[in-house]
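Residue strings, one per chain:
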Amino acid sequence: MQTLVIPLVPDLPRLLSATAADTTWAITATLLASAVATPVSGRLGDMYGKRRMLLISVALLVAGSLICGVSDTLVPMVVGRALQGLAAGVIPLGISIMRDELPSDRLGSAIALMSASLGVGGAVGLPAAAFLAQRADWHMLFWVSAALGVVAFALVVALVPESRIRTGGRFDVFGALGLSTALVCLLLAISKGGVWGWTSGTTLGLFTASAAVLLVWAAWELRIPQPLVNLRTSARRQVLLTNTASTVFGFAMFAMSLVFPQLVQLPAATGYGLGETMVTVGLVMAPSGVVMVAMAPVSARISKAAGPKTTLMLGAVIVGCGYGLGVVLMSSLWHPVLVSAVIGTGIGLAYGAMPALVMAAVPVSETAAANSLNTLMRSIGTSTASAVAGAVLTQMTVPLGETMVPTEAGFRTVMAIGAAAAVAALVIAAFLPRHDRSGGELARQHAAEPAPTAR
């Protein structure tokens, strides 16, 4: 859903009869809605049933896709894209169901694969969306996503059991509104700051409002018995550092997605552009998704042998090496294929380890909420990467005809920032508590928990 409209971005003003600035809301709406939905759906899943919330999330995705499929103007498109964003909680909900239902010997590899799919979807979705956008009516993108959503809904109904573990209680409405307000202000400032100006009153006001609301929200969450986010649990060293590392990894993962599509499509007349089509861009990025899937079982085996901390650190090292290669390899089409595959290897290892680290430190009754918060932190990282890379590439430009395009040095700078982010993630992961070499803490905790009862 995040990459679905990327092939359409240059044509959206014409397709929707709107300005280029206004059509960016087709992307921003999904970002904001997903940020709001992820923690809320996780908490509701813990309270009222994870499978139920999974089905609601997929239903929202189908509804949003159908609205977009019949849209020819901006407003319904933005509404549909927002509904698609509300489905973002499916991955943390899926991970949480796995913890409740799977036997311990299958848990590690299953969680690693589900977590890696967060990156796989974007990598595989881009070439598919580009192919459809170039070969068929653009509405077909949304009809296909609606059809896939219906298939996913049917498969969940047929195959996924409802978790018997419920926390019950009353939903923290004030906490949900407070966190949603703070996240919308923060992500709106990050995503639009480059357009509005980073020192403009609107941007600074949104950052200030976000900080102020977060302070009030945190005070409220610490006072009530059943908060939306258990801040005391989230402040545990292992959870806090894993979430911090997730933000940095989200930044590192997305940086390459901002460099390679532009580099591959820029005309060869620039001296460094490769002059290829969007479909080629998708094919260049697709191997990274395949590698992420392949790394999921490897991530689980390393975590079992040496602990998920080691897996996370190894992933950071590989991502850093991939970006280091990206700084020097930019002149041939196989260069971004190689670099994205190396970075995908590291991301696959790291994303497989993060849920294991989080779930080993939280009670089973908070599984979905804790995983949702971890997913949210990755999303904040990707949003920040978009803003930082956008600012760098906007400042470092050269004329090409009547337009300005990013310089080769600008692309190298973004890759270097991605390498620095990977180093930062490595340093953060180094401070995680050390686990014994069996690495089976999550599996042992899973096995030791009493049989759940319906409440």
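All values reported here derive from a predicted model rather than from experimental measurement.

Draft legend 1. A look at the overall build of the protein chain. For the protein chain, the helix and strand inventory stands at 18 helices and two strands. Whereas a compact globule of 455 residues would reach a radius of gyration of roughly 23 Å, the protein chain reaches 21 Å, a difference of no more than 12%. When the 455 residues of the protein chain are sorted by exposure, 53% land in the buried category. Taking as baseline every contact in the protein chain between residues at least 6 positions apart, the subset at least 24 positions apart corresponds to 79%. Total accessible area on the protein chain is roughly 18400 Å²; 70% of this is exposed by carbon and sulfur atoms. Side-chain charges of the protein chain comprise 26 positive and 18 negative groups, with the mean position of each set lying 9 Å from the other.

Draft legend 2. Structural view of the confidence of the model for the protein chain. Averaged over all residues, the pLDDT of the protein chain equals 83, while 94% of them reach at least 70. Here residues 436-444 scores under 50 on pLDDT; set against residues more than four positions off or in separate chains, the count is 21 contacts. Of the regions scoring below 50 in pLDDT, residues 446-455 engages in 14 contacts with residues more than four places distant in sequence or in other chains.

Draft legend 3. Up close: unusual backbone geometry. Here Ser17, not a glycine, exhibits a phi torsion of approximately 55°, which is positive. In this structure Ser17 comes out as exposed when scored by relative accessible area, which is 67%.

Draft legend 4. View of the packing of helix α9 (residues 173-196) against helix α10 (residues 201-223). For the pair α9 and α10, interaxial distance at closest approach is 8 Å and the crossing angle is 160°. Between α9 and α10, the interaxial angle falls into the category roughly antiparallel. Between α9 and α10 the crossing geometry is left-handed. For the contact of α9 with α10, the class distribution of residues is 16 nonpolar, seven polar and one charged.

Draft legend 5. Region of interest: the nonpolar core. Residues Phe249, Phe260, Leu312, Val319, Tyr323, Ile347 and Phe411 are the most contacted members of the largest nonpolar core, which totals 55 residues. Within the residue set of this core, elements represented by two or more residues are α7 (104-135), α12 (237-265), α13 (278-306), α14 (308-328), α15 (334-359), α16 (367-395) and α17 (408-430). A total of 14 residues in this core trace back to one element, the largest contributor, which is α12. Each residue touching Val319, except ones within four places of it in the same chain, is listed here: Phe249, Ala252, Ile343, Gly346, Ile347 and Ala422. One finds Leu31, Ala176, Leu206 and Leu376 within the second-largest nonpolar core, a separate group that totals 31 residues.

Draft legend 6. Inspection of the packing of aromatic side chains at higher detail. Scanning the entire structure with this criterion turns up three aromatic pairs. Above the ring of Tyr351, the side-chain terminus of Arg378 is found at 4.1 Å from the ring centroid.

Draft legend 7. Fine view of helix α3 (residues 25-48). For α3, with 24 residues, the first-to-last C-alpha span of 32 Å sits near the 34 Å given by 1.5 Å per residue. For α3, the buried fraction is high: 20 of the 24 residues fall into the buried class. Gly49 occupies a position one or two residues after α3 and carries a positive phi of about 125°.

Draft legend 8. Quick peek at the pattern of salt bridges. Evaluation of the coordinates by the stated rule reveals three salt bridges. Notably, a salt bridge pairs Asp46 with Lys50, separated by 3.8 Å at the nearest N-O pair. In this structure Asp46 comes out as buried when scored by relative accessible area, which is 1%. Since its relative accessible area comes to 1%, Lys50 is described here as buried.

Draft legend 9. Looking closely at the side chain of Lys192. Mapped onto the elements, Lys192 comes out in helix α9. Despite its burial, Lys192 pairs with no opposite charge, the nearest such side chain being Asp22 at 7.2 Å. Excluding residues within four positions of it along the chain, Lys192 makes contact with Ala21, Thr24, Trp25 and Thr28.

Draft legend 10. Inspection of the pairing of strand β2 (residues 403-406) at higher detail. Of the pairings in the sheet, the one linking strand β1 (residues 397-400) to β2 comprises four bridges and is antiparallel in character. The residue of β2 that forms the bridge with Leu400 is Thr403.

Draft legend 11. Focus on the packing of α14 against α15. At their nearest, the axes of α14 and α15 sit 7 Å apart, and the two run at 160° to each other. The angle between α14 and α15 falls in the class roughly antiparallel. As for how α14 packs across α15, the hand of that crossing is left-handed. Residue-level contacts link Pro308, Lys309, Thr311, Leu312, Leu314, Gly315, Ile318, Val319, Gly322, Tyr323, Leu325 and Gly326 of α14 to Val339, Val342, Ile343, Thr345, Gly346, Ile347, Leu349, Ala350, Ala353, Met354, Ala356 and Leu357 of α15.

Draft legend 12. Layout of the side chain of Arg81. When you line up the elements, Arg81 lands in helix α5 (residues 74-85). Buried charge Arg81 goes without a salt bridge, the closest partner of opposite sign being Asp72 at 15 Å. Arg81 has contacts with Met1, Gln2, Leu4, Val5, Ala26, Ile27, Thr30, Cys68 and Phe142, leaving out every residue within four places of it along the chain.

Calculation rules
- Residues numbered from 1 in each chain as written.
- Predicted model: local features only at pLDDT ≥ 70, side-chain atom pairs only at ≥ 80, totals over all residues.
- Heavy atoms only, no water.
- Helix = DSSP H or I, 4+ residues; strand = E, 2+ residues; numbered from the N terminus.
- Rg over C-alpha atoms; globule rule 2.2 N^0.38 Å.
- Buried < 20%, exposed > 50% of the residue type's maximum accessible area, 1.4 Å probe, protein only.
- Contact = heavy atoms within 4.5 Å.
- Areas by Shrake-Rupley, 256 points an atom, 1.4 Å probe, with all protein chains shown as cover.
- Lys, Arg positive; Asp, Glu negative; His and termini not counted.
- Charge placed at Lys NZ, Arg CZ, Asp CG, Glu CD.
- pLDDT = per-residue confidence, 0-100.
- Axes fitted to C-alpha atoms, helices over the stretch in contact; angles between N-to-C directions.
- Parallel < 35°, antiparallel > 145°, perpendicular 65-115°, else oblique.
- Left-handed = near helix turned anticlockwise from the far one by under 90°.
- Nonpolar A, V, L, I, M, F, W, Y, C, P; charged D, E, K, R; others polar.
- Core = buried A, V, L, I, M, F, W, Y, C linked by side-chain atoms within 4.5 Å.
- Phe/Tyr/Trp six-rings, centres within 6.5 Å; stacked < 30°, edge-to-face > 60°.
- Lys NZ or Arg CZ within 6 Å of the ring centre and 35° of its normal.
- Expected span 1.5 Å × (residues − 1).
- Salt bridge = Lys/Arg side-chain N within 4 Å of Asp/Glu carboxyl O.
- Pairing = 2+ DSSP bridges.

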